[in-house]
Amino acid sequence: MLISSEMNAAINEQVGHEFAAMLQYVAIAAHFDGESLPVLANHYYRQAEEEREHAMRFVKYLLDAGGKVAVPAIPAARGDFASAEEAVQLSLERELTVTGQINGLMDRAIKETDHTSRNALEWFVAEQLEEVSSAEALLGLVRRAGEQGLLLVEDALARRHAESE
Ligand SMILES: [Fe+2]
Ligand SMILES: [Fe+2]
């Protein structure tokens, strides 16, 4: 095994956090779907898919490194939101939490002089910058538009997705 048993356990925990993020994004997407805001809904369904990919990237890493995969229990997702802003705010808070978790894994890799894990974690460090920056941008947009202006947010998001395709 290329990694310590502590690193193995910490990565299994992170697999749980990534799946928890996936479930939270499904819940946020479903909230927007229920509010007839399909572009926001699709944005979060896609985010959910990305979180599944993050979890699987860690699973594959553990297998490559000769570790043992143990998927932990996943806490329930929150599905009730008083406003769009509240839902988007939660997504930003979750991304900041995950960034802290990834940094914690990186701290461990550095402490253990585990260069293999460090290299694998670099990808996640870069990814979290993207995730936090995009969640902050969306929160800014939702705040500026206000609850009455969510169709403008839908238009802006649709344009952003069209550009990135
Ligand atoms: Fe993630
Ligand atoms: Fe994320």
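Small disclaimer: the values here were computed from a predicted structure and weren't measured.

1. Notes on the coordination of the iron ion (ligand 1)
- Note on the iron ion (ligand 1): its protein donors are E18 (OE), E51 (OE) and H54 (ND1). The metal-donor distances range over 2.1 Å.
- Between the two metals, the iron ion (ligand 1) and the iron ion (ligand 2), the spacing is 3.4 Å, and E51 donates to both. Of the two residues, E51 and H54 are both situated in helix α2 (residues 38–64); the distance of three residues between them amounts to about one turn of the helix.
- Judged by relative accessible area, E51 falls into the buried class, the value being 1%.

2. A short note on the pattern of salt bridges
- Under the criterion given, the structure shown has five salt bridges.
- Between E85 and R143 there is a salt bridge, with the nearest N and O atoms lying 2.8 Å from each other. With E85 in helix α3 (residues 84–111) and R143 in helix α4 (residues 115–145), this residue pair connects regions lying 58 residues apart in the sequence.
- The shortest N-O distance in the salt bridge between E112 and R108 comes to 3.2 Å.
- Of the residues examined, E112 reaches a relative accessible area of 24% and is grouped as partly exposed.

3. Digging into the packing of aromatic side chains
- Within the structure shown, the criterion is met by four aromatic pairs.
- Where F32 meets Y44, the ring centres are 5.8 Å apart and the plane angle is 20 degrees; that geometry is what we call stacked. Here Y44 lies in helix α2 and F32 lies in helix α1 (residues 5–34), a separation of 12 residues in the sequence.
- Taking the relative accessible area as the measure of exposure, Y44 reaches 2% and is therefore buried.

4. A few points about α2
- Here α2 spans 39 Å end to end across 27 residues, near enough to the 39 Å set by a 1.5 Å rise per residue.
- The positive-phi residue at the C-terminal boundary of α2 is G66, with phi of around 80 degrees.

5. Describing unusual backbone geometry
- In this model, S36 sits at a positive phi of 55 degrees, which is unusual for a non-glycine residue.
- A residue is classified by how much of its surface remains accessible, and S36, at 57% relative accessible area, is exposed.
- Even without being glycine, T113 reaches a positive phi, approximately 45 degrees.
- Tracing the sequence through the fold places T113 in the loop between α3 and α4.

6. Structural notes on the coordination of the iron ion (ligand 2)
- Surrounding the iron ion (ligand 2) are the protein donor atoms E51 (OE), E95 (OE), E95 (OE) and E131 (OE), at 2.0 to 2.6 Å.
- Each of the four donor atoms bound to the iron ion (ligand 2) contributes to angles spanning 54 to 150 degrees, and the resulting shape is irregular.
- Along the chain, the residues donating to the iron ion (ligand 2) fall in the pattern E-x43-E-x35-E.
- Relative accessible area serves as the criterion here: at 5%, E131 is assigned to the buried category.

7. As for a nonpolar patch on the surface
- There is a patch of nonpolar side chains on the surface, built from L23, V71 and I74 and spanning about 220 Å² of accessible area.
- For L23, the location among the structural elements is in helix α1.

8. Topic: the environment of A109
- Mapped onto the secondary structure, A109 falls in helix α3.
- We classify A109 as buried; its relative accessible area is 0%.
- Spatially, the C-alpha atoms of A109 and I3 are 9.1 Å apart, while their sequence positions differ by 106 residues.
- If sequence neighbours within four positions are ignored, A109 has contacts with M7, D114, S117, R118 and L121.

Scoring rules and cut-offs
Residues numbered from 1 in each chain as written. Chains lettered and ligands numbered in written order. Predicted model: local features only at pLDDT ≥ 70, side-chain atom pairs only at ≥ 80, totals over all residues. Heavy atoms only, no water. Donors = N, O, S within 2.8 Å, 3.2 Å for Na, K, Ca; no water. Helix = DSSP H or I, 4+ residues; strand = E, 2+ residues; numbered from the N terminus. Buried < 20%, exposed > 50% of the residue type's maximum accessible area, 1.4 Å probe, protein only. Salt bridge = Lys/Arg side-chain N within 4 Å of Asp/Glu carboxyl O. Phe/Tyr/Trp six-rings, centres within 6.5 Å; stacked < 30°, edge-to-face > 60°. Expected span 1.5 Å × (residues − 1). Tetrahedral: all angles 85-135°; square planar, octahedral: opposite > 155°, others 65-115°. Patch = residues over 30% accessible without salt bridge, like charges linked within 9 Å, V, L, I, M, F, W, Y side chains within 5 Å. Areas by Shrake-Rupley, 256 points an atom, 1.4 Å probe, with all protein chains shown as cover. Contact = heavy atoms within 4.5 Å.

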